[in-house]
Amino acid sequence: MTTTTGPSSGSSSVLDRARREPAYAAFWILRIGFVVLPLWMGLDKFLKVLNPDWPGYLASWIVDLLPFSAQTAMYVVGVIEMVAGIMVALKPRYAAYVVALWLAGIIINLLTFSGFYDIALRDFGLLLAALVLALLASVYDRPLVRHTQVSASHVRDHGRVHHA
């Protein structure tokens, strides 16, 4: 019996491979986490089940810069977080860096707003986890564009190779 591990393989082969390869399992754990967490947190900006006062997390200097209310800003944040979760589901190789940058912005906000240093530290841990996902995705998630190899005969016949 042959087990495939490519993109068309079934979930059982993903589980089998995850059992054999701890780094592959770590990739999937982080990928699932960074799909579920941003989707859940983004949705909660609208439902307010986990936190009824999301605007309370915005630093006053950010609220002063906004052309709209802090609540509207939280709705925008929620949409961005949900989009980030979907992006991680589709292409973690690139989206993990987007999530890391987003978390860096949240950390800056929290560090400039007294009383939320513990949450900033937690989000720093999440930022590190997003960077680990990006590193693992560079191995386990194919790039959007495959780089072609240049043959030795091409170099010999055409001189230097020019990369775009």
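Summary of the structure given here. All figures in this text were calculated on a predicted structure; none of them were measured in a lab.

Points about the environment of Ala 130
(1) Moving on: Considering the arrangement of structural elements, one finds Ala 130 in helix H6 (residues 117–140).
(2) Moving on: Residue class for Ala 130 comes out buried when judged on its relative accessible area of 0%.
(3) Moving on: Measuring from C-alpha to C-alpha, the distance between Ala 130 and Leu 103 comes to 8.9 Å, with 27 residues separating the pair along the chain.
(4) Moving on: The residues touching Ala 130, leaving out its near neighbours within four places in the chain, are Phe 34, Ala 96, Val 99, Ala 100 and Leu 103.

Looking at the environment of Trp 28
(1) Moving on: On the secondary structure map, Trp 28 appears in helix H2 (residues 22–47).
(2) Moving on: Taking C-alpha positions, Trp 28 is 9.3 Å from Ala 137, a pair spaced 109 residues apart along the chain.

Here's the deal with a nonpolar patch on the surface
(1) Moving on: A surface patch of nonpolar side chains, about 750 Å² in accessible area, is lined by Leu 43, Phe 46, Leu 47, Val 49, Tyr 75, Val 79, Val 83, Met 87 and Val 98.
(2) Moving on: Of all the secondary structure elements, the ones that give two or more residues to the nonpolar patch are H2 and helix H4 (70–90).
(3) Moving on: Among the elements that line the nonpolar patch, the one with the most residues is H4, at four residues.
(4) Moving on: Along the chain, the position of Tyr 75 falls in helix H4.
(5) Moving on: The class for Tyr 75 is partly exposed, based on a relative accessible area of 31%.

Conventions we followed
- Residues numbered from 1 in each chain as written.
- Predicted model: local features only at pLDDT ≥ 70, side-chain atom pairs only at ≥ 80, totals over all residues.
- Heavy atoms only, no water.
- Helix = DSSP H or I, 4+ residues; strand = E, 2+ residues; numbered from the N terminus.
- Buried < 20%, exposed > 50% of the residue type's maximum accessible area, 1.4 Å probe, protein only.
- Contact = heavy atoms within 4.5 Å.
- Patch = residues over 30% accessible without salt bridge, like charges linked within 9 Å, V, L, I, M, F, W, Y side chains within 5 Å.
- Areas by Shrake-Rupley, 256 points an atom, 1.4 Å probe, with all protein chains shown as cover.
- Salt bridge = Lys/Arg side-chain N within 4 Å of Asp/Glu carboxyl O.

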